Amino acid sequence: MVAEFAVKPAASQFTPLLEEDVAINQKPCAGAAQDRPSDCPVQPASADPAANQLKTTRRDFLRAGGMLSLSSLMGTAALMTQSDNANAAVEWGEHFQKNYRLMTTEEKNEARLRLERRYSDEYGKKVSVDTTEAQPGMLMGYALNIRKCIGCRRCVHACVAENNQSRGPRPGEKIEWIQVLRMERGKFEQEKMNHGYPEGLGIQVGGNAYTPAGQVLEGQYHYNPKAVPEADATYMPIACMQCEKPPCVKVCPVRTTYREGDGPVVIDYNWCIGCKMCMNACPYWARRFNLTTPVLPKEEMNPVTHYLGNRPRMRGVVEKCHWCLQRTRHNRYPACVEVCPVGARKFGNLLDPESEVSKILERKNVFRLKAELNTFPKFFYFYD
Amino acid sequence: MLTSFLTDYTRYVLKGGKQFYTWMGVLSAFILAMLFVFYLQNTDGLIVTGMTSQISDGLYLANLVFLVGVAAGAVTIVFPAYVYHHEGMHKVAVLGEMLAITAVIMVMVFVFAHMGRPDRLWHMIPPRGIYSFSSMLGWDVMVLNGYLILNFVCGFYYLWCKYTGNPVNQKWFIPLVYVAIAWALSIHTVTAFLMANNPARPMWFHSMMPIRFIATAFAAGPALIILIFLIIRKNTKFWVDDSAIKLLTTIVQFCLGIAIFLTLSEVVIELYARTEHANGLYYLMFGLHGLTALVPWFWSSVVLMIGAFVMFFMPSFRNDFDKLRIPCAMAFAGIWIEKGMGLIVPGYIPSPIGEVTEYHPSFVEWLMVLGIWAFGFFILTILLKGAIGILLGEIKHGGPAAAVK
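Quick caveat, the model's predicted, so the values are computed rather than measured.

Could you give me a rundown of the overall build of chain A, with the residues and numbers involved?
A count of helical and extended segments in chain A gives 11 helices and 14 strands. Burial analysis of chain A (384 residues in total) assigns 45% to the buried set. Across chain A, every contact between residues at least 6 apart in sequence was considered, and the portion connecting residues at least 24 apart equals 70%.

Tell me about the overall build of chain B, residues and numbers included.
Scanning chain B for helices and strands turns up 14 helices and zero strands. When the helices and strands of chain B are placed in sequence order, the string is α-α-α-α-α-α-α-α-α-α-α-α-α-α. The C-alpha atoms of chain B give a radius of gyration of 22 Å, which matches the 22 Å a tight globule of 405 residues would have. When its C-alpha atoms are laid out on the principal axes, chain B stretches across 70 × 55 × 45 Å. Expressed as a percentage of the 405 residues in chain B, the buried residues total 50%.

Which residues make up the domain arrangement of chain A, and what values go with them?
Residues and elements named next belong to chain A. Its domain assignment divides chain A into domain 1 (27-37 + 137-182 + 236-382) and domain 2 (49-130). In this complex, domain 1 contributes 17 residues to the contact, which on the side of domain 2 involves 16 residues. When its residues are assigned to classes, the side of domain 1 that touches domain 2 shows eight nonpolar, five polar and four charged.

Outline helix α1 (residues 2-14) of chain B, supporting the account with residue identities and numerical values.
All names here are of chain B. With 13 residues, α1 extends 18 Å between its outermost C-alpha atoms, agreeing within 8% with the 18 Å of an ideal straight helix rising 1.5 Å per residue. By the burial criterion, the buried members of α1 are Asp-8, Tyr-9, Tyr-12 and Val-13. Buried positions in α1, seen along its axis, are confined to an arc of 120 degrees and lie on one side of it. Among the exposed residues of α1, those pointing more than 90 degrees away from its buried face are Thr-3, Leu-6 and Thr-7. Looking at the packing, one finds that the buried side of α1 touches α14 (363-392).

So what about the environment of Ile-178 of chain A? Which residues, and what values?
All names here are of chain A. Its location among the elements puts Ile-178 in the loop between α6 (154-162) and β4 (179-184). According to the C-beta neighbour criterion, Ile-178 is buried, with 20 such atoms within 10 Å. With residues near it in sequence (within four places) discarded, Ile-178 still touches Cys-155, Val-156, Cys-159, Pro-237, Ala-239 and Cys-336.

Could you give an account of the sheet that holds strand β14 (residues 379-382) of chain A, with specific residues and numbers?
Residues and elements named next belong to chain A. Spatial strand order, β12-β3-β14-β13: four strands in an open sheet with mixed pairing. Looking at strand neighbours, the two that pair on one side only are β12 (345-349) and β13 (366-367), the edges of this open sheet. Relative to β14, β13 runs antiparallel, the two sharing two bridges. The residue bridging Val-366 from the neighbouring strand is Phe-382, located in β14. The strands that helix α11 (residues 356-363) touches are β3 (140-145), β12, β13 and β14; relative to β12, the one it contacts most, it runs at about 105 degrees.

Quick rundown of the nonpolar core? Include the residues and the values.
Ala-71, Ala-219 and Ala-331 of chain B are the most contacted members of the largest nonpolar core, which has 222 residues in total. Among the elements that line this core, the one with the most residues is helix α5 (residues 87-114) of chain B, at 17 residues. In terms of domain composition, this core takes at least three residues from each of domain 1 (27-37 + 137-182 + 236-382) and domain 2 (49-130) of chain A. Aside from chain neighbours lying at most four places away, what touches Ala-219 of chain B is Val-252, Cys-255, Leu-256, Ala-259, Ala-331 and Ile-335 of chain B.

Can you lay out the packing of helix α2 (residues 18-41) of chain B against α14 of chain B for me, pointing to particular residues and giving the numbers?
All names here are of chain B. The contact between α2 and α14 brings their axes to 7 Å, and the two run at 135 degrees. On the basis of their axis angle, the class for α2 and α14 is oblique. In terms of crossing hand, the pair formed by α2 and α14 is left-handed. Between α2 and α14, the contacting residues are Trp-23, Met-24, Leu-27, Phe-30, Ile-31, Ala-33, Met-34, Val-37, Phe-38 and Leu-40 on the first element and Val-364, Leu-367, Met-368, Leu-370, Gly-371, Ile-372, Ala-374, Phe-375, Phe-377, Phe-378 and Thr-381 on the second. The residue inventory of the contact of α2 with α14, partitioned by class, reads 19 nonpolar, two polar and no charged.

Before we move on, can you summarise unusual backbone geometry with the specific residues and values?
Here the bond from Val-228 of chain A into Pro-229 of chain A is cis, since omega is -5 degrees, no more than 30 degrees from zero. Along the chain, the position of Pro-229 of chain A falls in the loop between β5 (227-228) and β6 (233-238). In this structure, Pro-127 of chain B follows Pro-126 of chain B across a cis peptide bond, with omega equal to 5 degrees. Relative to the assigned elements, Pro-127 of chain B resides in the loop between α5 and α6 (136-164). In the Ramachandran plot, Lys-276 of chain A falls in the positive-phi region, its phi being about 70 degrees despite a non-glycine side chain. Phi at Lys-370 of chain A is positive, roughly 50 degrees, even though this residue is not glycine. Within the element layout of this structure, Lys-370 of chain A appears in the loop between β13 and β14. Here Lys-370 of chain A falls in the partly exposed class, since 16 other C-beta atoms lie within 10 Å of it.

Quick one: what's the story with the interface of chain A and chain B, residue by residue and with numbers?
Taken together, the 41 residues of chain A in the interface contact 33 residues of chain B. Those elements that provide at least two residues to the side of chain A that touches chain B are β4, α7 (247-251), α8 (277-281) and β9 (288-289) of chain A. Of the residues forming the side of chain A that touches chain B, the biggest block, four residues, is contributed by α8 of chain A. For the side of chain A that touches chain B, a count of residues per class yields 25 nonpolar, nine polar and seven charged.

Talk me through the confidence of the model for chain B; I want residue IDs and the actual numbers.
Residue and element names in this part refer to chain B. For chain B, mean pLDDT is 93; residues scoring 70 or higher make up 98% of the total. Counting interchain partners and residues more than four positions distant, the pLDDT-below-50 stretch residues 401-405 has 17 contacts. At the level of chain-chain contacts, confidence expressed as ipTM amounts to 0.89, with global pTM at 0.85.

I'd like a rundown of the packing of α6 of chain B against α14 of chain B, residues and numbers included.
All names here are of chain B. Running from N to C, α6 and α14 cross one another at 40 degrees; their axes reach a closest spacing of 9 Å. The way α6 lies across α14 gives a crossing that is left-handed. Where α6 abuts α14, its residues Leu-159, Lys-162 and Tyr-163 lie against Ala-387, Ile-390 and Leu-391.

Cut-offs and rules
- Within each chain, residue numbers correspond to sequence positions counted from 1 in written order.
- Both sets of labels track the order of writing: A upward for chains, 1 upward for ligands.
- Reporting in this predicted model follows two pLDDT cut-offs: at least 70 for local features of residues, and 80 or more for side-chain atom pairs to be given and counted; totals over whole chains, interfaces and linings ignore these cut-offs and use all residues.
- Only DSSP runs of H or I with at least four residues qualify as helices, and only runs of E with at least two residues qualify as strands; both kinds are numbered from the N terminus onward.
- The burial label depends on the number of other C-beta atoms within 10 Å of a residue's C-beta. Counts of 20 or more mean buried, 12 or fewer mean exposed, and intermediate counts mean partly exposed, with C-beta atoms placed from the backbone.
- Distance between backbone-placed C-beta atoms decides contact: two residues are in contact if it is within 7 Å.
- Note that the radius of gyration is over C-alpha atoms, with the globule rule given as 2.2 Å times the number of residues to the power 0.38.
- Boundary definitions for the domains trace back to an automatic or database domain assignment.
- Nonpolar residues are Ala, Val, Leu, Ile, Met, Phe, Trp, Tyr, Cys and Pro. Charged residues are Asp, Glu, Lys and Arg, and all others, Gly as well, are polar.
- The span one expects for a helix is its residue count, reduced by one, times 1.5 Å.
- The arc in question is the one traced by the directions running from the helix axis out to the C-beta atoms.
- Each pair of strands is called paired provided DSSP finds at least two bridges between the two strands.
- Helix axes are fitted to C-alpha atoms over the stretch in contact, other axes to C-alpha atoms as well, and angles between N-to-C directions run from 0 to 180 degrees.
- For this analysis, nonpolar core means a set of buried Ala, Val, Leu, Ile, Met, Phe, Trp, Tyr and Cys residues linked through C-beta atoms within 7 Å.
- Roughly parallel here means an angle under 35 degrees, roughly antiparallel means over 145, roughly perpendicular means 65 to 115, and every remaining angle is called oblique.
- The hand of a helix crossing depends on one turn: near helix anticlockwise from the far one by less than a right angle means left-handed, and clockwise means right-handed.
- Each residue gets a pLDDT score, which is the predictor's confidence in that residue and runs from 0 to 100.

In structure tokens:
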């Protein structure tokens with residue numbers, strides 16, 4: 001089970017997706033509904049409250065007013081910046097757009113086109129911004145076999161490459177959504193039998209074996225061994241748990257982070273005000289803050305993006321794992337699942353009894369991390 | 001009449017001696033530095049600060065929380081003045097309201113400072129933005145704005161009546177003052193909820209937090225007020241009664257005592273069992289895995305608070321208003337540390353996945369903090385000068401607007 005461990009550039013292990021790859025690599029999620037067109041514009045399963053309110057006159061009025069002011073602002077901006085700079089107009093348009101969840105389909109399309117134009121311009125290649133919504137009958141779930149994990153961190157690198165995370169040299173410019181925690185196995189010795197607490201009295205109040213062991217959250221993710229797995233360690237990868245009762249969503253003052261109909265907790269990066277309350281609330285340290293404009297080299301940028309997923313972020317907003325919406329909404333596995341060399345990572349539809357994840361929940365002993373906090377993650381750990 | 005009030009008021013507060021202009025000039029220099037730093041933060045990003053993804057908030061949130069306490073602390077003047085009709089306090093109640101206005105404005109500037117995208121603040125404001133009732137930050141913004149309005153209305157209506165010579169309309173003024181008193185408790189309670197409602201952060205996840213916030217606020221707020229009153233007595237013709245300062249001293253001492261008691265309770269309860277949840281406190285007091293950046297802060301805060309508490313017992317400090325400054329300054333500084341380096345920062349250390357990292361505020365961050373405090377003193381000087389001018393009768397409808405100081 002010993003795998004060669006080497007820190008290679010992310011790109012060599014995992015090539016960013018191109019349009020052609022989609023067809024080649026396409027693996028259907030186990031049990032995911034195949035008979036539905038994935039980019040169907042009408043999405044009844046969405047938890048979007050706006051979906052039912054689109055016809056109200058007040059909203060239409062506000063929208064019209066908003067568009068009017070928006071277009072005039074864009075015009076002003078274009079004039080101010082000598083009109084050849086299309087980016088300025090796009091940025092003004094982005095600045096005054098609404099919360100994504102409350103946008104109408106047309107507004108979502110406008111936002112999408114704006115972003116596609118800006119990103120294509122910025123990264124010098126054709127960038128697509130997907131707006132595919134939640135599919136009915138789908139509830140995404142994840143299971144991770146901690147016995148199998150060898151701590152190679154290919155998932156971490158694949159995630160960074162797939163999801164356009166910042167990868168600069170300064171500490172604040174390096175963002176990774178997955179952390180693989182290295183845990184001590186713990187060591188207990190015969191010689192220490194008479195030691196204990198308090199020391200020297202001969203009367204033991206406590207024992208000598210209170211050393212870390214097993215799955216505790218005191219792990220270390222900065223480890224650099226010659227080869228993995230190491231004999232004296234076990235590994236426990238963590239990332240966003242996509243809680244069913246997410247504390248981060250509750251504390252968001254602008255509702256920019258919310259749970260999507262098919263399960264993942266997402267962020268509208270354009271609506272985030274950077275107050276960081278969600279980072280205080282997350283018990284799994286799943287959220288990262290863009291302390292500066294993300295460092296994302298043009299050639300490494302993954303042009304297949306989703307609006308709520310891996311599209312490039314901006315300075316001052318929070319980001320996190322979203323289970324690769326740009327892939328999973330099209331019945332593909334998240335990048336981490338695809339890259340895992342030992343098959344420790346499983347992903348699928350919790351509503352489908354035939355899916356791999358459902359089978360694991362049915363047959364294995366599973367546990368959720370920090371279950372006592374009642375966050376009800378859809379990310380399960382299990383042993384063989 | 002309103003225009004004459006505004007012109008008289010403005011003319012009065014802008015005129016002053018050399019000392020006044022030097023003071024305001026120094027403050028302005030710091031404010032300019034703050035503006036530059038703010039520009040940096042919004043071009044380079046918060047990377048210019050010492051904040052990281054692990055320690056996602058630091059000095060800014062700490063000062064924010066502390067200043068909410070100072071704003072709430074103004075109620076220690078208003079409450080005895082209007083509920084117990086304390087003579088000396090009644091005379092200076094409006095000065096407390098001016099302090100509250102200043103502190104709330106400073107809080108709002110700190111909100112801007114700590115945000116990643118202050119340009120998007122309008123996302124919180126309906127109808128175009130979204131107001132979330134489930135978010136404690138939303139509630140905090142609401143109660144703070146409410147408190148600002150209440151104090152502005154109460155304070156300036158009172159000054160307006162003094163200016164025009166009309167009697168205060170007790171029918172709505174007194175009920176409004178009572179609302180403001182209750183509201184003062186709400187602002188610091190909600191701020192405590194903002195931190196405490198995070199089970200992810202065991203250091204904050206205490207039902208003791210609101211009362212601890214109130215106790216420390218009612219020590220730090222009046223401690224600052226005493227210092228300001230002593231400055232006013234020395235530098236202006238306005239006389240703050242001894243009785244007011246003595247009552248405030250008692251309030252500071254009692255609240256400081258309660259705050260120390262609550263801190264000790266926390267230490268005993270957390271460290272006796274010493275669960276994983278006590279790691280934050282342990283890191284604060286003794287350091288963890290060899291990292292000890294906060295240890296000097298914690299112990300200096302303990303020394304300052306206990307030292308001040310003991311000094312308040314001594315008649316030589318309590319009754320000598322020159323020496324009284326020392327324990328007041330100590331209490332104020334001690335609580336400032338306790339709220340910031342002693343509560344906000346260790347909430348992030350260790351992180352929810354057990355990672356211990358250190359927080360080192362950058363120069364930029366200190367400059368921002370200093371600048372916002374300078375901005376606060378700038379506003380406070382103007383507001384207090386105007387209020388004192390009106391109370392002294394130097395700004396009066398139809399009277400000559402003479403500038404003093």
